[in-house]
Amino acid sequence: MQHYTVGDLVAEFLAACGVEVVFGIASVHNVQILDAIARRNVLRFVTVRGEFGGGHMADAYARVTGGLGVVITSTGPAAANAVPALVEARFAGSPLLHVTGLGETKFLGRDAGSVHEVPGQSAMLAAVGKASLQILRPEQAFSVLMTAAQQALAAPMGPVSVEIPVDLQRAVVARPTQLDDFDLPRSPIVLPSEAELDRLAKIVEQSRRPMLWLGNGARHAGAAALELLALGFGTVTSWNGRGIVPDDHPATLGALNGSGAPAVERFYSGVDLLLVAGSRLRAHETLDHGLALPPHRVLIDIDPRAAGRGYVFDHVTLGDTAATLAALAQRLRTRGYEADPEFVPQLARVRAEARAEYRQTLGPYAGFAAQLRAAMPRDTVFVRDATVAASTWGHRLVPLYGCRDSLHPVGAAIGLGLPMGIGAAIAAARQGRKTLALVGDGGLALSMNELWTAVQERADLCLVVMNDGIYAAIGHIQDARAGGRRNFINVLSPDLMKLAELAGIPGFRVSNADAFGSTVAQALSLDGPTIVEVDMHAIGPAPAYSSWGGAPRDSEGITH
């Protein structure tokens, strides 16, 4: 019988935590862990083409499942390649566990030039995650792994790295008896005191036109939010909080925030209380905190550091958002609270007006959101890269209905769309759901190698590529801030239909705006990965961001 090693412990521990899929690349500094995973044959291991892609896949997998995402890398350069994914997971509040190797313990701290050695690796990983932990003795392994998983899943959630020297991965260790019937201890739900809940209820009772702003920290608070909407509240979400309240609910503005929604700003002037739950009110979505939000604001957040990040709040309540909102709703019902009955009907009218106004800024792409929504099954996971299409009609105008239906790079990094789409598709397929990723040709170039991961894994992913041959967002910024001098933004991409043929997957090209929805529907009807290319040279240039202004220009610099 083979000895039980630290590598075996890692493999068994991940499965005991409910992990079903891990992402990574085999290497000399993780081979013992991967060998244990293979021998146990419980976890699905997805072989990726790069740690950048693997980390983003694990992040997306965590966002769709609500559980722990896991990426396993080698040490040194490989761990560094995973840093962008850790950065994004920190932005997005994703519970990502990064397991990486170290050189042999006899070389640690000596800068002896051993393979892949980076003396500052621990500091690098600690700088971009919630924590970076090391296993330096076999008997530490179980406690360190449990601490790492707990920290990743504790609110506010985020990425945690665990470094394991290669010699310790093969070291014999006693199997922890706790794994016989393991349940990962979780942080207790933090509920404000009765006195604090009474204070919060009293503040809300003084309002007649209250709004909820729901962020990622309230992703689990949908039921409580609906209770407040039943009392006459309105709501709006951050881009990372989309779907907490279904977008077809009459009392939600969806994600109509940021630039390009003057009707919403006018509406806010009549809101007498904004109750922000689990959101940073990110600068990217509030015109660098210049958006005119309602003057009276209350914050509910689990993190004491949340207060003072940007906007000033009249009152801050610390606690779990779902539990706090539910307790608030109960108090308000008991006290007979009702909001102004005209508030929600007015909100519905403003929403229709704002959507119509915004569509008018989109030129030939005005109908794309409606066409895409009609093509996608209701529970489709919608992934968006940092591209103009996403930041205009993708974020704001495509209705979403579930709290885990929406993924995008919260840190606004480009190139994440394809790997996030693959990770999301692998998770969604286990739930019987489709996945669609909206990317630009520039972003696709940064992670195109992962297309072969999608093919190898038969990821059920429809990849929609907005192809205009330029970094359009940068072009719009140059129009506004560099006197229209568009430099260094042209992107030479391969023929995407030939790329699809090379990969052995179906490819479709859209050259007419009216054919977009039907083409996407055809691609979504197929199993496995597909590519839909939107030929923007034929349809027209991307609309400029309203906050930057200026007419869009094509790749030749001609104003339209």
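Just above, that's the structure.
What this report covers is the structure whose coordinates are included nearby. In this text, all values refer to a predicted model and were calculated from it rather than measured experimentally. (Residues numbered from 1 in each chain as written. Predicted model: local features only at pLDDT ≥ 70, side-chain atom pairs only at ≥ 80, totals over all residues. Heavy atoms only, no water.)

## Here we look at the sheet that holds strand β8 (residues 234-237)
Read from one edge of the open sheet, five strands run β8-β7-β9-β10-β11, paired in parallel fashion. The open sheet has two edge strands, β8 and β11 (315-318), and neither has a second partner. Within this sheet the neighbouring strands show an average axis-to-axis angle of 20°, counted without direction. Alignment of strand β7 (residues 210-214) against β8, held across four bridges, turns out to be parallel. Across the sheet, residue L214 finds its bridge partner in β8, namely T237. Running at roughly 145° to strand β9 (residues 273-277), helix α12 (residues 321-334) makes contact with β7, β9, β10 (297-301) and β11 of the sheet. (Pairing = 2+ DSSP bridges. Helix = DSSP H or I, 4+ residues; strand = E, 2+ residues; numbered from the N terminus. Axes fitted to C-alpha atoms, helices over the stretch in contact; angles between N-to-C directions. Contact = heavy atoms within 4.5 Å.)

## Some details on the pairing of strand β1 (residues 21-24)
Of the two faces of β1, the one holding V21 and F23 and the one holding V22 and G24 are both buried throughout. In the sheet, β1 pairs with strand β3 (residues 69-73) via two bridges, with the strands oriented parallel. Note on β3: the bridge partner recorded for F23 is V71. (Buried < 20%, exposed > 50% of the residue type's maximum accessible area, 1.4 Å probe, protein only.)

## Observations concerning the packing of helix α14 (residues 368-375) against helix α21 (residues 516-524)
Between α14 and α21, whose axes approach to 8 Å, the crossing angle comes to 30°. One finds that α14 runs roughly parallel with respect to α21. In this structure, the crossing between α14 and α21 has a hand that is right-handed. Only F516, G517, V520, A521 and L524 of α21 make contact with α14, whose side of the interface consists of F368, Q371, L372 and A375. (Parallel < 35°, antiparallel > 145°, perpendicular 65-115°, else oblique. Left-handed = near helix turned anticlockwise from the far one by under 90°.)

## Overview of the packing of aromatic side chains
Per the stated rule, a full pass over the model turns up 11 aromatic pairs. An angle of 15° between the planes, with centres 5.5 Å apart, marks the rings of F267 and F343 as stacked. In this pair, F267 sits in helix α11 (residues 262-268) while F343 sits in helix α13 (residues 343-359), placing the two residues 76 residues apart along the sequence. The two residues F267 and F343 agree in class, both being buried. Among the aromatic side chains, those forming a connected cluster through ring pairs are Y365, F368, W393 and F516. In this arrangement the basic side chain of R378 is found over the ring face of Y401, its NZ or CZ atom lying 3.7 Å from the centre. (Phe/Tyr/Trp six-rings, centres within 6.5 Å; stacked < 30°, edge-to-face > 60°. Lys NZ or Arg CZ within 6 Å of the ring centre and 35° of its normal.)

## Digging into the sheet that holds strand β4 (residues 96-102)
Spatial ordering of the open sheet is given by β2-β1-β3-β4-β6-β5, a layout of six strands whose pairing is parallel. Looking at the sheet topology across the chains shown, the edges are occupied by β2 (44-47) and β5 (131-134). If you compare each strand with its neighbour and ignore which way they point, the axes differ by 25° on average. Strand direction decides the pairing type here: β1 and β2, joined by four bridges, are parallel. What sits directly across from G24, in β2, is T47. This element, helix α2 (residues 31-40), spans β1, β2, β3, β4 and β6 (160-165) of the sheet and lies at about 130° to β3.

## Some remarks on the pattern of salt bridges
If you walk through the whole model with that rule in mind, you get 28 salt bridges. For D35, the salt bridge identified is with R39, shortest N-O distance 2.9 Å. One end of the pair, D35, and the other, R39, are both in helix α2, four residues apart, so they sit about a helical turn from each other. On the basis of relative accessibility, which here comes to 35%, the residue D35 falls in the partly exposed class. Residue R39 is classed as partly exposed on the basis of its relative accessible area, which comes to 38%. A single network of salt bridges, built from pairs that share partners, joins E194, D198, E205, R331 and R335. (Salt bridge = Lys/Arg side-chain N within 4 Å of Asp/Glu carboxyl O.)

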